[in-house]
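Single-letter residue listing:
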Amino acid sequence: TGTFFVGGNWKCNGTKESITKLVSDLNNAKLESDVDVVVAPPFVYIDQVKSSLNGRIEIAAQNSWVSKGGAFTGEISVEQLKDTGCKWVILGHSERRHVIGEDNQFIGKKAAYALGQGLGVIACIGELLEEREAGKTFDVCYQQLKAFADAVPSWDNIVIAYEPVWAIGTGVVATPVQAQEVHVAVRDWLKNNVSAEVASKTRIIYGGSVNGGNCAELAKQEDIDGFLVGGASLKGPEFATIVNSVT
Ligand code: 13P
């Protein structure tokens, strides 16, 4: 569905020096032209990355404040993200849900605000291991999807990232069958609860221990429309391999 979309989520990693090297590797990489590629640096490096990347790759932020900026110590507003050249924001990432404690409703509000200001949203969903083992994978994903659906005015500028929490940073990647199964369920949910058009147009990307070795098999799955990559996005050549796994 749609143009293959690959995001590199750098999380809380990097220094000016390591990021200079990573950007240079990305600028030198040969990337397939029919792929949307974004990277999400830590806020403090967005300006450095934006001014040194060659323009092929868009910038995403890893978070945004829920409303207009102002007296919110430690937060970064959507307006500031746009001002520094961001086109996207990652919201609902498992680390923000489960480490920092953001809930579905707060995440929905953030998504609505960001979309309203013209940012694209990479909307993350995914179950914990105990939820999968209890047979609740679909229910958890549906609840997270519903929170987005209840809040957002339109799905035009949303990419859904299915990131099973047990696969994030663990080296335990979902099998192509496991990922495809949830992607189909997500698409069905969109069809039944939003519209057939949104279901067929919305890109659903997979995240969780994606690397240069496992991306090709995953990319072949009918409903996997790209990837959200953590650790492997910190290595330029490997990230390029993942971008180029488009089929
Ligand atoms: P890893 O690729 O390091 O497992 O991280 C995935 C992720 O959380 C991307 O947002």
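Residues numbered from 1 in each chain as written. Predicted model: local features only at pLDDT ≥ 70, side-chain atom pairs only at ≥ 80, totals over all residues. Heavy atoms only, no water.

Visitor: Help me understand helix 8 (residues 176-193) in this model?
Guide: Helical geometry note: an α-helix holds 3.6 residues per turn, so side chains three or four residues apart project in the same direction. The terminal C-alpha atoms of helix 8 lie 25 Å apart, and with 18 residues this matches the ideal 26 Å at 1.5 Å per residue to within 8%. Residues of helix 8 that are buried include every one of A179, Q180, V182, H183, A185, V186, R187, W189 and L190, and no others. (Helix = DSSP H or I, 4+ residues; strand = E, 2+ residues; numbered from the N terminus. Expected span 1.5 Å × (residues − 1). Buried < 20%, exposed > 50% of the residue type's maximum accessible area, 1.4 Å probe, protein only.)

Visitor: Help me understand the packing of helix 5 (residues 104-116) against helix 7 (residues 137-151) in this model?
Guide: Helices that pack against each other are described as a pair by the angle of their axes relative to one another and the distance between those axes. Contact geometry of helix 5 with helix 7 gives a least axis separation of 8 Å together with a crossing angle of 40°. Classified by the interaxial angle, the pair formed by helix 5 and helix 7 is oblique. The crossing of helix 5 and helix 7 is right-handed. Here N104, I107, G108, K109, A111 and A112 of helix 5 come into contact with helix 7, specifically with Q143, Q144, A147, F148 and A151. Across the contact of helix 5 with helix 7, the residue classes break down as 6 nonpolar, 4 polar and 1 charged. (Axes fitted to C-alpha atoms, helices over the stretch in contact; angles between N-to-C directions. Parallel < 35°, antiparallel > 145°, perpendicular 65-115°, else oblique. Left-handed = near helix turned anticlockwise from the far one by under 90°. Contact = heavy atoms within 4.5 Å. Nonpolar A, V, L, I, M, F, W, Y, C, P; charged D, E, K, R; others polar.)

Visitor: When you look at the sheet that holds strand 7 (residues 204-207) in this model, what are you seeing that I'm missing?
Guide: Within a sheet, neighbouring strands are paired by backbone hydrogen bonds and run either parallel or antiparallel to one another. The strand order around the closed barrel built from 8 strands is 1-2-3-4-5-6-7-8, with neighbouring strands paired in parallel fashion. For this sheet, the mean inter-axis angle between neighbouring strands, taken without regard to orientation, is 25°. Running at roughly 155° to strand 5 (residues 120-125), helix 7 makes contact with strand 4 (86-91), strand 5 and strand 6 (158-162) of the sheet. This element, helix 8, spans strand 5, strand 6 and strand 7 of the sheet and lies at about 145° to strand 7. (Pairing = 2+ DSSP bridges.)

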